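The lines below spell out each chain.
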Amino acid sequence: MIVFYNKPLLRILVIIAGISLAFVGYNYAQGMFEVLGRQGMLDALAILGYVAASYLVLIVAEVADSHYVRAFGGLSLGAGLLIAWRFLSYDLAKLESGNSTAIYVVFLLAAAIGAAYLAIVVVRLVLDRLNLGRPMLPESGRIGTYEGAVEPPPYRSRTEEPKIDKAVWNDPSMMPDSLFDAGEKPSKNSGGAAHPPDSFEEKPASRLVGISGAFSGTVFDLSKGEFVIGRAEDSDFPLVGDNQVSRRHALVKVDEGGFAEIEDLGSTNGVFVSGARTNSAKLFPGMTLSIGTSTFKVE
């Protein structure tokens, strides 16, 4: 499975394919120039123009590091090679046997590399869609495995009815000036700054402990500094294999006193602190932090 998650391999394939296509283009254009002159060279370059454009899409895909763009580029390159082959196979008969054989072999090599590239990308996308991605990374650096008892986040049974003291409804002194004064958090779609309820004491946070999801039991130690949480492998706190997590999902800032704050970096699926979606929030022990399909407890 590691083959489908090996980005350096994809980039090596792109480089080899580019060298192969450059060889084919140069020798094809030169051979046609010798046979038909300037017009023959221009015709050869026009035939390979779409292939070159498709190859540029692969370059963009590697820069953007997007598997969807990679898939589009692989399909475009395949279509371009098929179209080019229709004309190139006819023109090879006009060239010298030595040149035509070399062009033929290298062109097929480029096509094979393109097919392998596209197959790796498609399988990777299917694995991600089925949530069968890369296995959990081994513990290293700030990442460890929590060996103690993992308690689920608090919840209220659906069978219980909430206890409401209706006597306070008509008492103005019991009403807060705003919802936030009562410790109320923004709604899921509001995305404002979450205000911690009074039950969470404002204390320094030392770590995030996974209590549910794919990273249950994983520990991220919080020391002074800034740490990126994301799906990218080079994230400080990587959540690799969870396609509900953006490449750069959130930023955790820890000051000299050990007080932590989390900031959403424009993620697709958001950051939830103690059940409320937020753009930024303080993290105190006892709170829960949900990112993607995993939930962490702040300790």
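Residues numbered from 1 in each chain as written. Predicted model: local features only at pLDDT ≥ 70, side-chain atom pairs only at ≥ 80, totals over all residues. Heavy atoms only, no water.

**Observations concerning the side chain of Ser294**
What counts, and what does not: Per the convention used, a helix needs a DSSP run of H or I reaching at least four residues, while a strand needs a run of E reaching at least two, with both numbered from the N terminus. Summary of the burial criterion: residues with accessible area below 20% of their type's maximum are buried, those above 50% are exposed, and those between are partly exposed, where the area comes from a 1.4 Å probe applied to protein chains only. As used in this structure description, the phrase polar contact means that two N or O atoms lie within 3.5 Å; if the pair is within protein, one of them must be able to donate a hydrogen and the other to accept it, and residues adjacent in sequence are counted only when both atoms belong to side chains. A contact between two residues is defined here by any heavy atoms of the two lying within 4.5 Å.
Secondary-structure assignment places Ser294 in strand β12 (residues 294–298). With a relative accessible area of 1%, Ser294 lands in the buried category. Only 3.4 Å separates the side chain of Ser294 from the backbone nitrogen of Ala214, close enough to count as a polar contact. In terms of polar contacts, Ser294 uses its side chain to reach the backbone amide nitrogen of Phe215, at 3.4 Å. The contacts of Ser294, once residues within four sequence positions are left out, are Ser212, Gly213, Ala214, Phe215, Asp242 and Leu289.

**Digging into the sheet that holds strand β4 (residues 225–230)**
For clarity, the cut-off: A strand pair is defined by DSSP finding two or more bridges across the two strands.
Spatial strand order, β5-β4-β6-β7-β10: five strands in an open sheet with mixed pairing. A strand with exactly one partner marks an edge of an open sheet, and here the two such strands are β5 (237–238) and β10 (280–283).

**A closer look at the confidence of the model for the protein chain**
So the rule is basically this: A score between 0 and 100, pLDDT records how confident the predictor is in each residue.
Per-residue confidence for the protein chain averages 75 on the pLDDT scale, and 73% of its residues sit at or above 70. Note on residues 134–143: pLDDT is under 50 here. Beyond four places in sequence and across chains, it has 24 contacts. Long-range and interchain partners of residues 193–197, a stretch whose pLDDT sits below 50, account for 14 contacts in this model, where long-range means more than four residues apart.

**Quick notes on the environment of Leu239**
The topology assignment puts Leu239 in the loop between β5 and β6 (250–254). Once the C-alpha coordinates of Leu239 and His249 are considered, the two residues, ten residues apart in sequence, prove to be 9.6 Å apart. Beyond its immediate chain neighbours, meaning those up to four positions away, Leu239 contacts Phe215, Phe220, Ile229, Gly230, Arg231, Val245, Ile291 and Phe296.

**A short note on the pattern of salt bridges**
Note the following rule: The term salt bridge refers to a pairing of a side-chain nitrogen on Lys or Arg with a carboxyl oxygen on Asp or Glu at a separation within 4 Å.
Summed over the entire model, instances satisfying the criterion amount to six salt bridges. Across the pair Glu299 and Arg207 runs a salt bridge, and its minimum N-O distance is 2.8 Å. Of this pair, Glu299 sits in the segment after β12 while Arg207 sits in strand β2 (residues 207–212), and the two are 92 residues apart along the sequence. Note that Glu261 is salt-bridged to Lys282, the shortest N-O span being 3.6 Å. You can see Glu261 sitting in strand β7 (residues 260–264) and its partner Lys282 sitting in strand β10, a full 21 residues away along the chain. Residues joined in a network through salt bridges with shared partners are Arg11, Glu62 and Arg70.

**Looking at helix α2 (residues 38–64)**
For clarity, the threshold we go by: Each helix should span, by expectation, one fewer than its residue count multiplied by 1.5 Å. Note on bend: at a given residue it equals the angle between the axes fitted to the 7 residues ending there and to the 7 starting there.
Here α2 is 27 residues long and its end C-alpha atoms lie 38 Å apart, about the 39 Å a rise of 1.5 Å per residue gives. Within α2, the axis deviates most sharply at Leu48, by approximately 40 degrees. Just downstream of α2, Asp65 is the residue with a positive phi angle, here 55 degrees.

**Let's talk about the nonpolar core**
Put simply, the rule reads: For our purposes a nonpolar core is just a set of buried Ala, Val, Leu, Ile, Met, Phe, Trp, Tyr and Cys residues, chained together by side-chain atoms within 4.5 Å.
Leu21, Tyr28, Val51, Leu88, Ile103 and Tyr117 are the most contacted members of the largest nonpolar core, which has 31 residues in total. Sorting the residues of this core by element identifies α1 (7–36), α2, α3 (67–91) and α4 (97–129) as the ones contributing at least two each. Not counting the four nearest positions on each side in its chain, Tyr117 is found in contact with Leu10, Leu13, Val14, Leu58, Glu62 and Arg70.

**Some words on a nonpolar patch on the surface**
Spelled out, the test is: Patch criteria: residues need more than 30% relative accessible area and no salt bridge. Like-charged residues are merged within 9 Å; nonpolar side chains of Val, Leu, Ile, Met, Phe, Trp and Tyr are merged within 5 Å. Values of accessible area rely on a 1.4 Å probe in the Shrake-Rupley scheme; residue burial ignores everything except the protein chains shown.
Together, Ile12, Ile16 and Leu109 line one region of the surface with nonpolar side chains, adding up to about 250 Å² of accessible area. Locating Ile12 in the fold gives a position in helix α1.

**A look at the pairing of β7**
Covered by surrounding structure in β7 are Ala260, Ile262 and Asp264 only, the residues Glu261 and Glu263 on the alternate face being uncovered. Note that β6 and β7 share five bridges and pair antiparallel. Residue pairing for β7: Leu251 is matched across the bridge by Glu263.

**Things to note about the side chain of Ser235**
Within the secondary structure layout, Ser235 lies in the loop between β4 and β5. From its side chain, Ser235 meets the backbone oxygen of Ala232 in a polar contact 3.0 Å long. Excluding residues that lie within four positions of it along the chain, Ser235 makes contacts with Val228, Ile229, Gly230 and Arg247.

**Topic: unusual backbone geometry**
For residues other than glycine, phi is negative in most cases, and the peptide bonds are mostly trans. A positive phi angle, near 50 degrees, is found at Ser274, a position not held by glycine. Here Ser274 falls in the partly exposed class, since its relative accessible area comes to 22%.

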